[in-house]
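# Breakdown of the fold
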Amino acid sequence: RWRLAVDAEQCIGSAACAGACARFRMTDDGRAEPVAEVVDAEEAVRDAAECCPVEAITVTDA
Ligand code: F3S
């Protein structure tokens with residue numbers, strides 16, 4: 001299982017993460033958030049974190 005976090009200070013609202021992986025969604029203020037803090041380990045989650053242009057997403061072991 002992985003713990004997901006989006007740094008709201010860094011996020012520029014690219015939405016690449018939400019497009020790449022259903023574990024992220026966009027909030028009303030145009031930032032991303034994880035749909036759940038802890039999720040099953042899936043390749044798509046890591047791909048989403050890597051596609052963020054400002055590296056606002058962290059994925060750690062939960
Ligand atoms: Fe924000 Fe990066 Fe996603 S800028 S919307 S966390 S791809």
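Cut-offs applied
- Residues numbered from 1 in each chain as written.
- Predicted model: local features only at pLDDT ≥ 70, side-chain atom pairs only at ≥ 80, totals over all residues.
- Helix = DSSP H or I, 4+ residues; strand = E, 2+ residues; numbered from the N terminus.
- Contact = placed C-beta atoms within 7 Å.
- pLDDT = per-residue confidence, 0-100.
- Core = buried A, V, L, I, M, F, W, Y, C linked by C-beta atoms within 7 Å.
- Buried ≥ 20, exposed ≤ 12 C-beta atoms within 10 Å, placed from the backbone.
- Near = placed C-beta within 6 Å.
- Nonpolar A, V, L, I, M, F, W, Y, C, P; charged D, E, K, R; others polar.
- Arc of directions from axis to C-beta.

## A few points about the environment of Ala 62
Along the chain, the position of Ala 62 falls in the segment after β5 (57-61). Put simply, Ala 62 and Leu 4 are 58 residues apart on the chain and 8.9 Å apart in space, counted from C-alpha to C-alpha. Discounting residues that sit within four places of it in the chain, Ala 62 has contacts with Arg 1, Trp 2, Arg 3 and Val 38.

## Quick look at the confidence of the model for the protein chain
Averaged over the protein chain, the pLDDT score is 96; the fraction of residues at 70 or greater is 100%. Per-element averaging of pLDDT across the protein chain places helix α2 (residues 43-51) at the bottom with 95 and strand β2 (residues 24-26) at the top with 98. The ipTM for the predicted assembly is 0.97, set against a pTM of 0.93.

## Re the nonpolar core
Side chains of a nonpolar character, in soluble globular proteins, are inclined to be buried together. By size, the foremost hydrophobic cluster in this structure holds 13 residues, and its most contacted members are Cys 17, Val 45, Ala 48 and Ile 57. Looking at this core, the element that brings in the most residues is α2, giving 3 residues. Aside from chain neighbours lying at most four places away, what touches Val 45 is Trp 2, Leu 4, Cys 21, Arg 23, Val 39 and Val 59.

## Observations concerning the environment of Cys 11
With respect to the secondary-structure elements, Cys 11 resides in the loop between β1 (2-6) and α1 (16-20). Owing to 22 C-beta atoms within 10 Å, Cys 11 belongs among the buried residues under this scheme. With 21 residues separating them along the chain, Cys 11 and Ala 32 place their C-alpha atoms 7.2 Å apart. Cys 11 has contacts with Val 6, Arg 31, Ala 32, Val 54 and Ala 56, leaving out every residue within four places of it along the chain.

## Thoughts on the site of the ligand
Not every one of the 13 residues close to the ligand is listed here, only the nearest: Cys 11, Ser 14, Cys 17, Ala 32 and Cys 52. In the shell around the ligand, the residues fall into 11 nonpolar, 2 polar and no charged.

## Notes on α2
Structurally, the α-helix is built with 3.6 residues per turn, so residues lying three or four positions apart point the same way. Of all the residues in α2, the buried ones are Val 45, Ala 48 and Ala 49. Projected down its long axis, α2 carries its buried residues within an arc of 100°, all on one side. Packed against the buried residues of α2 are β1, α1, β2, β4 (38-39) and β5.

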